[in-house]
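# Remarks on the overall topology
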Amino acid sequence: MKQFFKKNWLILVVLLVAVILRFKLSAMIAHEDLITQTGWGKQIYLKGTLKDYYEWKFGGGASPNHPPLISWLYWMIYPIHSSVMHFLSNLGNFIALNRLAPTKFLWLFDFAKWFGLDQYGTTSILSGVILILKQFMIVADLLIGGIIYYICRKNNINWKKWVLLYLLLPFSWFLSSAWGQSDQLSFLFLIIAFLGLASKKYSIMSPLFYAIAANLKPNCILLLPVFLYAWYKQRQSIWKLILGGIAAAIFSFWTVSWVTDQNVFNYTFTVLVNKLSTGEGLISYNAFNFWYIFYPFSLPYIHDDIIWGILSAKNWGLLMVFITTISSLKVIKNKKIENIFAAMFVAGFGSWLFMTGMHERYSFLAIVPLFLYSIFKKQYLKYFLILSTIFTLNLFVAYWPYEICLEFKKILEWNSFLVARVLSLINLIIYIKVTYSMLKQKK
């Protein structure tokens, strides 16, 4: 261990800087989504239960449309906040009472005051509560870096370049630290589920990890056909799939039981699926995908029931999801783990590219698998860098908290979002090129 630190001290210093950067950003500003989510958590905390959660009235805020599992996390941040505040108070009293140079710890007292009393903007939400919620996303982000390290070491690949590249690229730290979205948290469990497919010993746990991912972020369900086909190609036991699937189902319905006393099966498929629908029927939600080329996210809003030839835009999107998903299965030519990463990209990015009502963040579960594939096939790194750069710009357009850079946002919005439309077209072209290349590769 000592030799490891001595040999890699410079890399570890850079990694430490990446961690500090994330923590610093997490305390600066919060997106209105987090205000809404912590508001839901506050109501749950005050009531002390999730029962009838989706029937509650939230004055001035959006009604809950996130799954029970992630909503439970919004609840848990409040007792965690109380515990941390209790620790800080006791620590401050200990320093003062024992005269341990309290003037040297003014920064600690200021932080405790901000953490426990400061309200974010004009809201009733404490800044410390928002900070705690973001830490879950940051830890997940860093653990994805750990997954990359594991993949490299397992396959005798130099890990330094790949871990640093992921942790330092803007889309990674911006999404977890500045925005605080849960995409990395759900992806962490998703990628563990897929990695488990290559293990005879732990594959039985993969369906449960997949269920956790989907219960954190339902868009993970889009990759379920890839997961099942990869299970078959890995020649895993059908009985392990059945047992693992039963465990996943029990877990999922158990979380549903938190919010209702009704029959969980009926409630899930008749009530909950409608409550979790975040769309309002719009064709575009700021994602630089196929539909953005024609209908950028600006007034007037265009709904996805608009007819294109013989089908509505929504049905064309679903048809293309079917085609891209079938194409993704053809990429899994053997048991090599990199082929699973390739299939995740083809299915995930294809679904995001052609489905209507997509948010910009939803392409994260496809962008990172392309990065993982690039570890094995380095000629694809350039495509990842282009797509991840466009993804970062897409995030900035959706949420740009730093006024100093607003002029750049104006460039993207100039002339009816012309630049953003061109970026969407580049996404489409690169996806077609990369998918075609992956399908052509020999077994």
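Report follows, based on the coordinates. Note that the structure is a prediction, hence the values are computed from the model and not measured.

### Considerations on the overall build of the chain
- Scanning the chain from terminus to terminus reveals 18 helices and two strands.
- Whereas a compact globule of 443 residues would reach a radius of gyration of roughly 22 Å, the chain reaches 23 Å, a difference of no more than 12%.
- Principal-axis analysis of the C-alpha atoms gives the chain an extent of 70 × 60 × 55 Å.
- Residues classed as buried in the chain amount to 51% of the 443 residues present.
- Looking at the chain alone, contacts between residues at least 24 apart form 71% of all its contacts between residues at least 6 apart.
- In the chain, the 40 positive side-chain charges and the 17 negative ones have mean positions that sit 19 Å from each other.

### Things to note about the packing of helix α4 (residues 68–97) against helix α6 (residues 127–154)
- Contact pair α4 / α6: the axes reach a minimum separation of 9 Å and the direction vectors enclose 120°. In terms of orientation, α4 lies oblique with respect to α6. Crossing handedness for the pair α4 and α6: right-handed. Contact with α4, carried on its side by Leu73, Tyr74, Ile77, Tyr78, Ile80 and His81, involves Gly128, Val129, Ile132, Leu133, Phe136 and Met137 of α6 and no other residues of that element.
- Residues belonging to the contact of α4 with α6 are distributed by class as follows: ten nonpolar, two polar and no charged.

### Re the pattern of salt bridges
- Taken as a whole and judged by the stated rule, the model has five salt bridges.
- The salt bridge involving Lys217 is made with Asp183; its shortest N-O contact spans 3.8 Å. Taken as a pair, Lys217 in the loop between α10 (206–216) and α11 (224–233) and Asp183 in helix α9 (residues 183–195) lie far apart in primary sequence, 34 residues in all. With respect to class, Lys217 is no different from Asp183; both count as buried.
- Asp183 is paired through a salt bridge with Arg361; the nearest N and O atoms lie 3.7 Å apart. Remark: Arg361 occurs in the loop between α15 (337–354) and α16 (364–376) and Asp183 occurs in helix α9; sequence separation between them is 178 residues.
- Residue class for Arg361 comes out buried when judged on its relative accessible area of 9%.

### Regarding the packing of α6 against α9
- One can describe the packing of α6 onto α9 by two numbers: an axis separation of 8 Å at closest approach and a directional angle of 30°. One element, α6, and the other, α9, form an angle in the roughly parallel class. Considering the relative orientation of α6 and α9, their crossing is left-handed. Along the contact surface, α6 presents Phe136, Met137, Ala140, Asp141, Leu143, Ile144, Ile147 and Ile151, while α9 presents Gln184, Leu185, Phe187, Leu188, Ile191, Ile192 and Leu195.
- Of the residues belonging to the contact of α6 with α9, the class tally is 13 nonpolar, one polar and one charged.

### Things to note about the packing of aromatic side chains
- With the rule as written, the count across this model stands at 45 aromatic pairs.
- Aromatic pair Trp254 and Trp258: ring centres 5.0 Å apart, planes at 80°, arrangement edge-to-face.
- Classification of Trp258 as buried rests on a relative accessible area of 17%.
- Plain terms: the ring middles of Phe371 and Phe384 are 4.9 Å apart, the flat faces sit at 50° to each other, and that makes the pair tilted. One end of the pair, Phe371, is in helix α16; the other, Phe384, is in helix α17 (residues 381–398), with 13 residues separating them in the sequence. Note on accessibility: Phe371 and Phe384 belong to one class, buried.
- Within the aromatic cluster, the residues linked to one another by ring pairs are Phe290, Trp291, Phe294, Tyr295, Trp308, Phe345, Phe349, Trp352, Phe354 and Tyr431.

What counts, and at which threshold
Residues numbered from 1 in each chain as written. Predicted model: local features only at pLDDT ≥ 70, side-chain atom pairs only at ≥ 80, totals over all residues. Heavy atoms only, no water. Helix = DSSP H or I, 4+ residues; strand = E, 2+ residues; numbered from the N terminus. Rg over C-alpha atoms; globule rule 2.2 N^0.38 Å. Buried < 20%, exposed > 50% of the residue type's maximum accessible area, 1.4 Å probe, protein only. Contact = heavy atoms within 4.5 Å. Lys, Arg positive; Asp, Glu negative; His and termini not counted. Charge placed at Lys NZ, Arg CZ, Asp CG, Glu CD. Axes fitted to C-alpha atoms, helices over the stretch in contact; angles between N-to-C directions. Parallel < 35°, antiparallel > 145°, perpendicular 65-115°, else oblique. Left-handed = near helix turned anticlockwise from the far one by under 90°. Nonpolar A, V, L, I, M, F, W, Y, C, P; charged D, E, K, R; others polar. Salt bridge = Lys/Arg side-chain N within 4 Å of Asp/Glu carboxyl O. Phe/Tyr/Trp six-rings, centres within 6.5 Å; stacked < 30°, edge-to-face > 60°.

Don't take any of this as a statement about function, it's just geometry.
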